[in-house]
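Now for the letters of each chain:
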Amino acid sequence: MTLEKSLFRAYVPPDAFVRRMHPLTKIAIVVVLNLVTLWATDPYSTALFLAICVALVLLSRSPLSAIRGFLLTLLGLMQLLTAAYILLSVKPGTVTYLERRLVLLSSSGGELVWHILISDRTIADALALDMRLVVLILAMAFFMVTTNDRDIVYGLRKLRLPLAVSLIVALIFRAISISVDDFYAVREAMRAKGADVGTGPIWRRVRDYVYLMVPLFVLVVRRSEEVSLAIEARGIPIRRPGRTVYHSLPFHREDWLLLAAFGALLVATLLIPRLTGASIGAPLRWLVESLWR
Amino acid sequence: MSLIRVESLAWHYEGAAEPALRGVSFEVERGEFVAVMGRTGAGKSTLCRCLNALIPRHSRGTMEGRVLVAGLDTARSDFYEIAGRVGMVFQDPETQFIMMTVEDEIALGLENRGVEPQAIRAAVERALAAVGLPQSYLGKPPTELSGGQKQRVAIAAMLALEPEILVLDEPTSDLDPAGKAEVFAILERLKAERAATVILVSHDSEQVARYADRVLVLDQGRVALAGPTAEVLGRVRELAALGIAAPQVAQLGFLLGWPRPAGDPRAALQRLHGARLAPPAAPLARPESEPAVKVQGLEHAYPDGTLALRGVDLELRRGEYVAIVGSNGSGKTTLAKHLNGLLRPTRGSVWVAGVEAARVRPSELARRVGYCFQNPDHQLFCQTVEEELAFGPRHLGLSEAEVRARVERVLETVGLAPWRNEHPFFLGKGQRQRLAVGAALTIEPEIIIVDEPTTGQDHAMCEEIMALLDRLNQAGHTVVIITHDMELVAEHCRRVLVMADGRIIADGSPAQVFADAEVTARARIEPPQVARLSLALDPAQPPALSVPELARRLGAPIDEAALQGIRLHTAGA
C-alpha cells in the first residue's frame, strides 16, 4: 500500500514556473505574505494580499486535489473563528442585528455577564479576520504543494549552513515517513489484539493511544541508533572543511524578480502608513468605493 | 602483508555481563571473500564494527588487541580514513538512507570528500551501473524501491567511495528471495570483476558455500571454526553444535557417511549419480474437518488504486498447517489481513468460522483469528512480558482470573516464564518474536496467522519458533504462516498457497508445488536444496522435503544418533 508519507511533496507539473523557483525564494514569499498580513489588518489590504495568494496558487498550476486538505482545514478554522469572533467581541457598528446580556454567574460578589453584540462591524471584522486566515493558509499551501523535501534540503545547503543542519532536516523528513508507516502498523497490531483504537469512551481512547506510543517510542530509539551508525559508517563528519555541493541550485532571473517584488511589497506595507497615513490597500478601497458610487 | 589483520581482539560493551569478543585473531588477504557465521549474539556485528572503527568510536567499552586495515591500527588512526577504506552495508536498508533520491544518496559521501560536482556525477553513474541499476533510478526516492533494490543502492553508495574492503552485515536477511538473488548477484559480480575484498555476515550457508573463499564461525565471541569454505561447511556436526545449519547437501553427505561432505550441490549430484530414489511415504492427508475460513472472489484495491488481490477463492479447514508464499507484492499479507478483518474486501467475501468478516469489528474477529506481524516491535505495547500477554484477553473483557490463567499457560508455552517481569524492550529479537506469538495465543484463537516468523533470526531461533507453531497445530489450531523460507515450508507445512500478482497460482502439498517448475519460476521461489537435488536425481518422483527424508529414500539407515548430528543446538533462550 502506498501511503502519503512525505510532509512536502511537489504536486505541480515539472514545467510549471514554480518548480524552477529556488526554494529560498518560495520561503521568502511565504514569510513576506505572513508579515504583511500581520502588519496591515484592514480589509482592503487583506483583500490585496489574498488576491496575490490566489494568483500564486493559480500560476503554480497546483491541482485542486493537492490543496483540498488545506482548504478543508481552512473551512473548519474559518467557521470556528467567525463564530467565536461574532459571539465574543463587542463592537458597536452603524447597524445592530442582535444584542443580549446573559448572566452566566450571579453571586453576592457580582455577576459574570456575557454580552453578545452582533453589529455590521462585528461581521465585517470577522470576515476580515477570515480573509487574513485564508491568506496565511493559502501562502503555506502554495509552498507545501510546490516544494518537495529534497528542494528544502538543497535550499539549506545552498545557504552554506553547517552540514548538521541540512542532515538533521533530511533525517527529520525521513523519520516522518518511517514513523507514519510505524503508526499504521502499530494501530493495526492493536486492532488485531482486540483493541478498537479510537473508539469508545474518551478515557479508553486516551489509554489506547498511550499504549500505541510505547512501540513508537521504542522504534524511534532503535532506529535512531541504527541511523546514526549508518551515517558514521559512511564516514560523514559533521564538521569538515572543503565539502562540495553536488547540485548547483542557481537563482534564476524570475527568482530575483519575485524577491524584488515581494521585498517591495513588504517595504510598501510598512512605509506607506507612516508616510501617508493610509494603508497599502487604500487604492483598492478607492477603486471599490468609486465603483460603489 | 594482509589487507586485514585482527590480533587477539577483545571487546566488552560497557555494562554488559560478558565480553562480545574474546581474543579473536584472523587475517584477510586482498581480494578474498570471507563469510562470518554464528548464532545471534556470537559477536558477528561487533566484529564488523571493529573492522571499520565504529568500535571503539561509536560504542563505549573496553578494547584489547588490535585491528589493522592496510597496516593502519583502526583504533588509533583517523576514523574517516578507516571509514573510507572499509565500506559497510547493514541489515535494514530502510535505516541506511538519509537523502531523498538515489542520486543524492550516492553523492552524499563524495560531496563530503570534497569531490568536484562533475566528477561526482560520473562516480554516481559508475556506482549505479556496478550494482546493475539503470540511470532512470537516479531521481527515485530510495524508500519507494523494493528491498533488493534498496540494498543495491546502499551498496552503490558505498562503492562510489571506492573502499578497499566491503563489509556486509546480514544484507539479505530482511529480503525476499528475489531481493536476495539481486544482492548476491551483485556480490558475485564485484568478486569477479573488481576482485573486491568482501566480509559477509550471513546465516545462509547455501549462499556462503557458493560465494565465500573462507568461513569464520564465531561462538560466544570466540573463533570456533575457521578455514576454507568447503572444509568448514563440511563439519556438519560441529556446525550444528554451534547453532548453524550446514547446507542441506552437506547434511545429506553427513547422514550418508561421506568422508568429506561439502556444500556444493553439483558435487553431491555427481556423487549420487545413478543412485535409486525410493518413493516417499504417503503424505498426510488434509484434515476432514469443517471449514475454518472460506474466501470467495476476493478482490482488494488500496486507496491509491493498487489492485492487490484479483479474485481469490480459498477454503481452509480446521487444524490445517498452511504456508502462503510468493514474492513481495504478490498479495500474501493483503490476503491474510482479510482473514482477521484488518482489511475489508473491495469485492467478494470472507467467512471466518461461519461469520462474514466484513460484518463484524476486527476486535470481534480477534477472538477467532490471532495475527502476528513480521516486526515484533510493532506489537509489543506494555511494560512487562506478563502485561503484554494479558493485553489481548483484557481487551476482550475476560475476567481477571481467566486472564491470569491464560497468561500462566502461555508463559510456559513460549518459554518466557523467567522473564515475566522484564520489559519487552530488553528482550532479544527471538524472545520478542515468541512474545508476539504468545500475545496472540492468550486470546486462544482458532486460527493463528504468523507473518514472516523467522525473518532475521538465526537457525536455532527459527527452530524454536517453528516448534512452538508445530505444538499449536498439534493442539488443533489452524496455523497459517507467510514466509519466504522454503526449507521451513517443506519441513513444517502440509499445504502451500502460492501467490503471484494478487492471485493464488498454485495450491497443493509442498512436494506438489516444488515439483512444478512453472509455478516456482513464476512466483520466484526456490525449492530447498534437497528438493532440487531429488528432482535432479529422479524428476518422476515427488521431491524430498527434508534431509533425513532424502537420506532414507536413498537407502541410508538413519537412526536417532545420526539425526542428532544435524540437529541444531540452541544456546538457551
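Residues numbered from 1 in each chain as written. Chains lettered and ligands numbered in written order. Predicted model: local features only at pLDDT ≥ 70, side-chain atom pairs only at ≥ 80, totals over all residues.

1. Re the overall build of chain B
Rules: Secondary structure counts use DSSP, requiring at least four H or I residues in a row for a helix and at least two E residues in a row for a strand, with both numbered from the N terminus. In this setup the radius of gyration rests on C-alpha atoms only. A globule is expected at 2.2 Å times the number of residues raised to 0.38. With C-beta atoms placed from the backbone, the exposure class of a residue follows from how many other C-beta atoms lie within 10 Å of its own: 20 or more, buried; 12 or fewer, exposed; in between, partly exposed. Residues are scored as being in contact if the C-beta atoms we place from backbone atoms lie within 7 Å.
Along the backbone of chain B there are 24 helices and 20 strands. The C-alpha radius of gyration computed for chain B amounts to 25 Å, which stays within 12% of the reference 25 Å derived for 573 residues, consistent with globular compactness. With 573 residues in all, chain B has 55% of them scored as buried. Taking contacts inside chain B between residues at least 6 apart in sequence as the whole, the part at least 24 apart equals 68%.

2. Looking at the packing of helix 4 (residues 102–112) of chain B against helix 6 (residues 147–159) of chain B
For any two helices packed against each other, one specifies the crossing angle of their axes together with the interaxial distance. Residues and elements named next belong to chain B. Where we set the bar: Lines fitted to the C-alpha atoms define the axes, with helices restricted to the stretch that makes contact. Angles between their N-to-C directions range from 0 to 180 degrees. Orientation is classified from the angle alone, with under 35 degrees giving roughly parallel, over 145 giving roughly antiparallel, 65 to 115 giving roughly perpendicular, and any other angle giving oblique. In this scheme the handedness of a crossing depends on how the near helix is turned from the far one: anticlockwise by less than a right angle means left-handed, clockwise means right-handed. Throughout, the ten residues Ala, Val, Leu, Ile, Met, Phe, Trp, Tyr, Cys and Pro are labelled nonpolar, Asp, Glu, Lys and Arg are labelled charged, and all others, Gly among them, are labelled polar.
Closest axis-to-axis distance for the helix 4/helix 6 pair is 8 Å, and the angle between their directions is 30 degrees. By the angle between their axes, helix 4 is roughly parallel relative to helix 6. Once helix 4 is placed against helix 6, the crossing between them reads as right-handed. Here Val102, Glu105, Ile106 and Gly109 of helix 4 come into contact with helix 6, specifically with Val153, Ala156 and Ala157. Considering only residue class, the contact of helix 4 with helix 6 consists of five nonpolar, one polar and one charged.

3. As for the sheet that holds strand 16 (residues 369–372) of chain B
Strands in a sheet are paired, the pairing made by backbone hydrogen bonds, and the direction either parallel or antiparallel. All names here are of chain B. Heads up, the condition is: Strand pairing is assigned whenever DSSP detects at least two bridges linking the two strands.
Across the sheet, which stays open at both edges, the six strands sit in the order 16-17-18-13-19-20 with mixed pairing between neighbours. Where the open sheet ends on each side, the last strands, each with one partner, are strand 16 and strand 20 (503–508). The average undirected angle you get between the axes of adjacent strands in this sheet is 15 degrees. Across the sheet, helix 18 (residues 459–474) touches strand 13 (321–325), strand 17 (447–451) and strand 18 (478–482), and the angle it forms with strand 18 is around 150 degrees.

4. Observations concerning helix 7 (residues 177–194) of chain B
Residue and element names in this part refer to chain B. For clarity, the threshold we go by: Here the expected length of a helix is defined as 1.5 Å per residue gap, with one fewer gap than residues.
Between its first and last C-alpha atoms helix 7 spans 25 Å; for 18 residues at 1.5 Å apiece the expected length is 26 Å, and the two agree. By the burial criterion, the buried members of helix 7 are Pro177, Gly179, Lys180, Glu182, Val183, Phe184, Ile186 and Leu187. Downstream of helix 7 by a residue or two, alanine 195 has a phi angle that is positive, lying close to 50 degrees.

5. Side note on the nonpolar core
Convention followed: Take the buried Ala, Val, Leu, Ile, Met, Phe, Trp, Tyr and Cys residues, join any whose C-beta atoms are within 7 Å, and the set you get is a nonpolar core.
Core analysis: the largest hydrophobic core is formed by 206 residues, its most contacted members being Leu51(B), Ala156(B), Ile199(B), Ile324(B) and Ile449(B). Looking at this core, the element that brings in the most residues is helix 18 of chain B, giving eight residues. Those residues in contact with Ile324(B), other than ones at most four positions away along the chain, are Lys332(B), Leu335(B), Ala336(B), Val480(B), Ile482(B), Leu497(B) and Met499(B). In terms of nonpolar packing, the next biggest core, distinct from the first, is built from 26 residues, Ala40(A), Val135(A), Ala141(A) and Leu258(A) among them.

6. Let's talk about the domain arrangement of chain B
Residue and element names in this part refer to chain B. For clarity, the cut-off: The start and end points of each domain follow an automatic or database-based domain assignment.
Segmentation of chain B into domains returns domain 1 (4–233), domain 2 (234–283 + 533–573) and domain 3 (291–532). One C-alpha centre belongs to domain 1, the other to domain 3, and the line joining them spans 33 Å. The class makeup of the residues in the side of domain 1 that touches domain 3 is two nonpolar, six polar and four charged.

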